[in-house]
Amino acid sequence: VAAKFGCTPEQVIDCLALIGDSSDNVPGVPGIGEKGAGKLIAEYGSLERILENIPLINNKKMREALLNGRDLGLLSRQLVTIRTDIELPVTLTDATSNHLDAVTRPELRDLYAELEFTGLMKKLDALKPSASDTNLASSPASLPSASAHEVPPPQLPVQEVQAERPRHAAPKVDSYQTANTPASIATVIEALSAAELYSFDTETTGLNIRTDRPIGISFAVKADAAYYIPLTDQQLDGISAKAVIDLLRPVLSRDDQLKVGHNVKFDLQMLRNIGIHARGPFVDTMICDWLLDAGSRQHGLDACCLRHLNYEKIKTSSLIGAKGQVPMLAVDLAEVTRYACEDADLTLQLYRVLMPKIEAAGLSQVLRAIDMPLVPVLAIMEHNGVYIDRRELQRLQLELGAMSDRLVDQVHALAGEDFNLNSPKQLADILFTKLKIHEQLGIKNLKKTKNGFSTDESVLTRLAEHPLPKALMEYRSISKLQSTYVIALPELVEPTSGRLHTSFHQTGTATGRLSSSAPNLQNIPIRTALGREVRKAFTASSAECRIISADYSQIELRLLAHLAEEEALAQAFVSGADIHRSTAARVFNVNPEDVSDGQRARAKAINFGILYGMGARRLAAETGTSVAEASAFIDRYFASYPGINRFIEATIAEARATGMTRTVTGRQRPVIGLGDSNQRAVVAAENIAVNTRIQGSAADLIKIAMIAIDERLTAAQLQTKMLLQVHDELVFESPATEVEQVVPLIRDCMESAMSLSVPLSVSVGVGHNWLEAH
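Cut-off values and rules
Each residue is numbered by its place in its chain's sequence as written, counting from 1. Note on the predicted model: pLDDT of at least 70 is required for a residue's local features to be given, and 80 or more for side-chain atom pairs to be given and counted; whole-chain, interface and lining totals, by contrast, use all residues. Excluded from the side-chain calculation are hydrogens and water; included are all heavy atoms of the structure. Pairing between strands requires that DSSP locate at least two bridges from one strand to the other. A run of H or I in DSSP becomes a helix once it reaches four residues, and a run of E becomes a strand once it reaches two; helices and strands are each numbered from the N terminus. Axis definition: a line fitted to C-alpha atoms, limited for helices to the stretch in contact. Angles are taken between N-to-C directions and run from 0 to 180 degrees. Any two residues whose heavy atoms approach within 4.5 Å at even a single point are treated as in contact. Here, the term disulfide refers to a pair of cysteine sulfur atoms separated by no more than 2.5 Å. The rule is simple: take the accessible area with a 1.4 Å probe, protein chains only, and divide by the maximum for that residue type; under 20% is buried, over 50% is exposed, in between is partly exposed. The span expected for a helix works out to 1.5 Å for each residue beyond the first. Pairing of aromatic rings covers Phe, Tyr and the six-membered ring of Trp, with a centre-to-centre limit of 6.5 Å; geometry is then stacked below 30 degrees between planes, edge-to-face above 60, and tilted otherwise. We call a charge positioned above a ring when the Lys NZ or Arg CZ atom is no farther than 6 Å from the ring centre and deviates by at most 35 degrees from the ring normal. Like charges are joined within 9 Å and nonpolar side chains (Val, Leu, Ile, Met, Phe, Trp, Tyr) within 5 Å, but only among residues with over 30% relative accessible area and no salt bridge; these make up the patches. Shrake-Rupley sampling with a 1.4 Å probe provides the accessible areas, and residues are treated as covered by the protein chains on show and by no other component. In the sections that follow, a salt bridge refers to a side-chain nitrogen of Lys or Arg positioned within 4 Å of a carboxyl oxygen of Asp or Glu. Fitting axes to the seven residues that end at a residue and to the seven that start at it, the angle between those axes gives the bend at that residue. Pairs of N or O atoms are called polar contacts if they sit within 3.5 Å, as long as, within protein, a hydrogen donor faces a hydrogen acceptor (for residues adjacent in sequence, only side-chain-to-side-chain pairs). Working definition: roughly parallel below 35 degrees, roughly antiparallel above 145 degrees, roughly perpendicular at 65 to 115 degrees, and oblique for all remaining angles. Whether a crossing is left-handed or right-handed is set by the direction in which the near helix is turned from the far one by less than a right angle, anticlockwise for left-handed and clockwise for right-handed. Under the scheme applied here, ten amino acids are nonpolar (Ala, Val, Leu, Ile, Met, Phe, Trp, Tyr, Cys and Pro), four are charged (Asp, Glu, Lys and Arg), and all others, including Gly, are polar. In predicted models, pLDDT denotes the confidence assigned by the predictor to each residue on a 0 to 100 scale.

Colleague: It is not clear to me how the sheet that holds strand β18 (residues 762-767) should be interpreted in this structure. Could you clarify?
Modeller: As a general point, the strands of a sheet are linked pairwise by backbone hydrogen bonds and lie either parallel or antiparallel. One open sheet holds the four strands; their spatial order is β16-β17-β13-β18, and the pairing between them is antiparallel. In this open sheet, the two edge strands, each paired with only one partner strand, are β16 (721-726) and β18. Within the sheet, the average angular offset between the axes of one strand and its neighbour, ignoring direction, is 20 degrees. In terms of strand pairing, strand β13 (residues 545-552) meets β18 through six bridges, oriented antiparallel. Bridge assignment links Ile548 to a residue of β18, and that residue is Val766. Across the sheet, helix α32 (residues 739-751) touches β13, β17 (729-735) and β18, and the angle it forms with β13 is around 20 degrees.

Right, dumping it as structure tokens:
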């Protein structure tokens, strides 16, 4: 290990997190190789310490690689870490089976398809009798009808519905056509104009939603046939790219045809860059797949084709990873046509397979009323971006740097010697060998690694009564602020717009919440004073504009009161009472005005903790009480709010019966583990069932509000722009002259997004920056 990686065996996981492993699709940190990883691990000891100390790394390329690849590094460490804490309910003997019996069982093929074991599937195909391939399901004969309030998807003629392709079956390439002449393009436009629905897919110069553009677009109106239209003068014959774009614009702008895509948001953004504002209704097969199985993380086109069409896409080597990685213009036009047309063709076939499943699962209204209307809203938000005051971040960097230096000096003085604060080994020697802080505090059973006591945050927290660990925690917190935000954010500003453009993901969570990446703007600090300073850098782009922040008040507790039909909790919200003081008064049987700060703190902890399955031990740890006191408090809580206990029990019972839990809109999430022999797994599954109903409903609520706000702003022709969604909060940039009109509009849309048994409350703030507005 030392010879290969330049680290100890215990550090291999962190080293591999940096290097990656192509054989297992572990990305690592792009730009960091074996030698670089070895040097970094040797100097800082762990991935956490490396990421916390990015500003101190002298090598510019390495520093930039770590800034850009931080999230990939953390993900990679999770991927390369072998789980050794799983209690298995079976032994090797239990798992023994007859080989021939196993390979002929249809469940095995289904499992291989679900887990994308393509290599094993090939071996299975070679072993199984050919007759076993005859049980492939056929696509349903027609599409479900739409809600009366939405644009209905047109019915597909029965004769057009195709059976699923066998795995690896070659597409009918003869039916994949290049349209690059005036006559052939006219034929495609005529076919599209006559179709009730069609699928489309763009081929682009890259993935940057601001600077890249489409170089071609493919369409399919029926299975096993598609067209590819180049959008560059080099690949067109007798017509210019501008003329083709002008011909396509009215077709894609029609609002009486259903347009199907896979990751539609990206295609809309690319088309916008060439002046085409495509209009819905849309159906995104990636979102359909996620709606059906929100617990899966594999919703890409390749994975969906394997799972639902039993078809493994076969790409030529020159086109592997083509989007954003291989210059498509350098590839043979016929090859590009085959690649692009297959995507449009398979997307249409996925639509025909997935939509009946969406209807059968009761998800059609969620798809058509929430998730699909949200797609263009998110596309515009990503395009808008948010302005960053780099001077404010530079000021904060100087301030944090000075604080960091003072803390280093303080730690060195407390230790009685200089040492590298970022070296776990040196730190452990100081804490546990030289100063023996754990013995001074009488703390036993500290977390250990193979090299001795751990120095991670959980250990330092237990030692924080001593000034050295406390100062060290402050130092680490400041280092993280510097590397993650203060230094990283300015480097991610898009040069052409001068703004940060995050990516919002609809399929990134199992609960239905939106997630954000590149950069993640949903985790900008808010809990600490220093963390809040980062928000001061998120400003209006000019002195004539303002930032508006609109935040739901205690939305999850309000939804709990509604779903649990808990009258006492609901009445507290109706009366406008302090909900935590009201809860404490009921639990401790005192008047609200007599509730102490400690009693209110315990009530607040359990009010929120009940949503996440908080038990007596955790409540005791958070409130500083004994486990017995915490347990008694929880008992009194449920006695005071019996509806909540009934709601939890009913939710778990429904999940056991159906294998699902659902939000108020009907969005579903599979719940796995309720029948596990491991009690921890059962408890975790029960918490998922309850929490998803609350958190997922809150996610649906703000999505509905976002759609309504966008419609109202557009209808009123206002210049106010929606910039960010951070769970229960929306952030806008508005001309100062519009603020008076926009604030009540935003509040009205958010407070009327759902009709609940308790009132929805939204706090709205206005300022020159996000911190002021919030």
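Having seen the model, we can carry on.
Colleague: Help me understand the state of the cysteines in this model?
Modeller: Disulfide: a covalent bond formed between the sulfur atoms of two cysteine residues. Inspection of every chain in the model, using the stated rule, returns zero disulfides. Sulfur of Cys15: no disulfide; nearest cysteine sulfur belongs to Cys7 and is 4.3 Å away. Cys15 sits in the buried class, given a relative accessible area of 0%. Of the cysteine sulfurs around Cys288, a residue in no disulfide, the closest is that of Cys304, at 9.3 Å.

Colleague: Can you help me understand helix α21 (residues 467-486) in this one?
Modeller: The periodicity of an α-helix, 3.6 residues per turn, causes residues three or four places apart in sequence to face the same way. End to end, α21 covers 27 Å across 20 residues, agreeing with the expected 28 Å (1.5 Å per residue, within 8%). Counting buried residues in α21 gives 14 out of 20 residues, a clear majority hidden from the surface.

Colleague: Could you clarify how one ought to interpret the packing of aromatic side chains in this entry?
Modeller: Two descriptors summarise a pair of aromatic rings, namely the distance from one centre to the other and the angle between the planes of the rings. Counted according to the given criterion, the structure contains seven aromatic pairs. A ring pair is formed by Tyr198 and Phe219, whose centres lie 5.7 Å apart and whose planes are at 70 degrees; its orientation type is edge-to-face. On the criterion of sequence distance, the pair formed by Tyr198 in strand β2 (residues 197-204) and Phe219 in strand β3 (residues 214-222) is long-range, its members being 21 residues apart. Measuring from ring centre to ring centre gives 5.3 Å for Tyr637 and Tyr641, while their planes differ by 80 degrees; the resulting arrangement is edge-to-face. Across this residue pair, the class does not change: Tyr637 and Tyr641 are buried. In this arrangement the basic side chain of Arg535 is found over the ring face of Trp770, its NZ or CZ atom lying 4.0 Å from the centre.

Colleague: Looking at this model, I keep getting lost on a nonpolar patch on the surface. Mind explaining?
Modeller: A contiguous nonpolar patch, built from Leu111, Leu115, Phe117 and Leu120 and spanning about 310 Å² of accessible area, is present on the exposed surface. Mapping Leu115 onto the fold places it in helix α8 (residues 106-115).

Colleague: Any chance you could explain helix α31 (residues 679-715) here in plain terms?
Modeller: The first and last C-alpha atoms of α31 sit 54 Å apart over 37 residues, in line with the 54 Å expected at 1.5 Å per residue. When the local axis directions of α31 are compared, the greatest deviation, roughly 35 degrees, occurs at Thr692. Of the residues that open α31, the one with a side-chain oxygen 2.8 Å from the backbone nitrogen of Arg680 is Asn678. Two residues or fewer past α31, Gln717 is found with a positive phi of approximately 55 degrees.

Colleague: Explanation requested: the sheet that holds β2 in the structure shown.
Modeller: Taking strand neighbours across the sheet as the criterion, the six strands line up as β1-β4-β3-β2-β5-β6 in an open arrangement whose pairing is mixed. Of all strands in the sheet, those with a lone pairing partner are β1 (176-178) and β6 (282-284), marking the two edges. On average, adjacent strands in this sheet sit at an angle of 25 degrees to one another, irrespective of strand direction. For strand β5 (residues 258-261) and β6, the ladder comprises three bridges, and the chain directions are parallel. Bridge assignment links Val260 to a residue of β6, and that residue is Val283. Packed onto the sheet, helix α10 (residues 182-194) meets β1, β2, β3 and β4 (225-230) and runs at close to 50 degrees relative to β3. Packed onto the sheet, helix α12 (residues 264-272) meets β2, β3, β5 and β6 and runs at close to 65 degrees relative to β2.

Colleague: Which parts of the structure should I look at to understand the packing of helix α27 (residues 597-609) against helix α28 (residues 616-623)?
Modeller: When two helices pack together, you describe them by how their axes are tilted relative to each other and by the distance separating the axes. Following both chains from N to C, one finds α27 and α28 inclined at 140 degrees, their axes separated by 10 Å at the closest point. In terms of orientation, α27 and α28 fall into the oblique class. The handedness of the crossing between α27 and α28 comes out as right-handed. In this structure, α27 contributes Arg602, Ala605 and Ile606 to the contact, and α28 contributes Leu619, Glu622 and Thr623. Considered class by class, the residues forming the contact of α27 with α28 number three nonpolar, one polar and two charged.

Colleague: How should the pairing of β16 be read in this particular structure?
Modeller: Across a regular strand the side chains alternate sides, sitting on one face of the sheet and then on the other. Burial of β16 is extensive: five of the six residues sit out of reach of the surface. One ladder, built from five bridges, connects β16 with β17; its direction is antiparallel. Directly across from Leu724, in β17, lies its bridge partner Val731. Turn length for the β16-β17 hairpin, with the two strands adjacent in sequence and antiparallel, is two residues, and the turn residue His727 shows positive phi of about 60 degrees.

Colleague: In this structure, what is going on with the side chain of Asp343? I would like to understand it.
Modeller: Structurally, Asp343 can be placed in helix α15 (residues 333-360). For Asp343, the residues in contact, after removing those within four places along its chain, are Asp201, Glu203, Leu301 and Lys313.

Colleague: For this particular structure, what's the right way to read the pattern of salt bridges?
Modeller: Note on pairing: side chains with opposite charge can pair once their charged atoms come close. On inspection of all chains with the given rule, the structure shows 27 salt bridges. With its nearest N and O atoms 2.9 Å apart, the salt bridge here joins Arg254 to Asp256. Note on Asp256: relative accessible area 51%, which makes it exposed. When the shortest N-O distance is used, the salt bridge between Asp578 and Arg600 registers 3.0 Å. Taken as a pair, Asp578 in the loop between α25 (567-575) and α26 (579-588) and Arg600 in helix α27 lie far apart in primary sequence, 22 residues in all. Judged by its relative accessible area of 31%, Asp578 falls in the partly exposed class.

Colleague: It is not clear to me how the environment of Thr285 should be interpreted in this structure. Could you clarify?
Modeller: By secondary structure assignment, the location of Thr285 is in helix α13 (residues 285-292). Judged by its relative accessible area of 0%, Thr285 falls in the buried class. Here the alpha-carbon distance between Thr285 and Gln349, two residues 64 residues apart in the chain, equals 9.7 Å. In contact with Thr285, other than residues within four places in its own chain, are Val260, Gly261, His262, Thr347, Leu350, Tyr351 and Leu354.

Colleague: Would you take a moment to explain the confidence of the model for the chain for this structure?
Modeller: For any part of a model where pLDDT is low, the fine detail of the predicted coordinates should not be relied upon. Mean pLDDT over the chain: 86, with 89% of residues reaching 70 or higher. Counted against residues more than four places away or in other chains, residues 129-168, with its pLDDT under 50, gives 87 contacts. Within the model, the stretch residues 320-326 combines pLDDT values under 50 with 16 contacts to residues more than four positions away or in other chains.

Colleague: Would you explain the packing of α26 against helix α29 (residues 627-640) in this entry?
Modeller: One can describe the packing of α26 onto α29 by two numbers: an axis separation of 9 Å at closest approach and a directional angle of 100 degrees. Between α26 and α29, the crossing angle belongs to the class labelled roughly perpendicular. Of α29, the residues touching α26 (which contributes Thr583, Arg586, Val587 and Phe588) are Phe633, Arg636, Tyr637 and Ser640. For the contact of α26 with α29, a count of residues per class yields four nonpolar, two polar and two charged.

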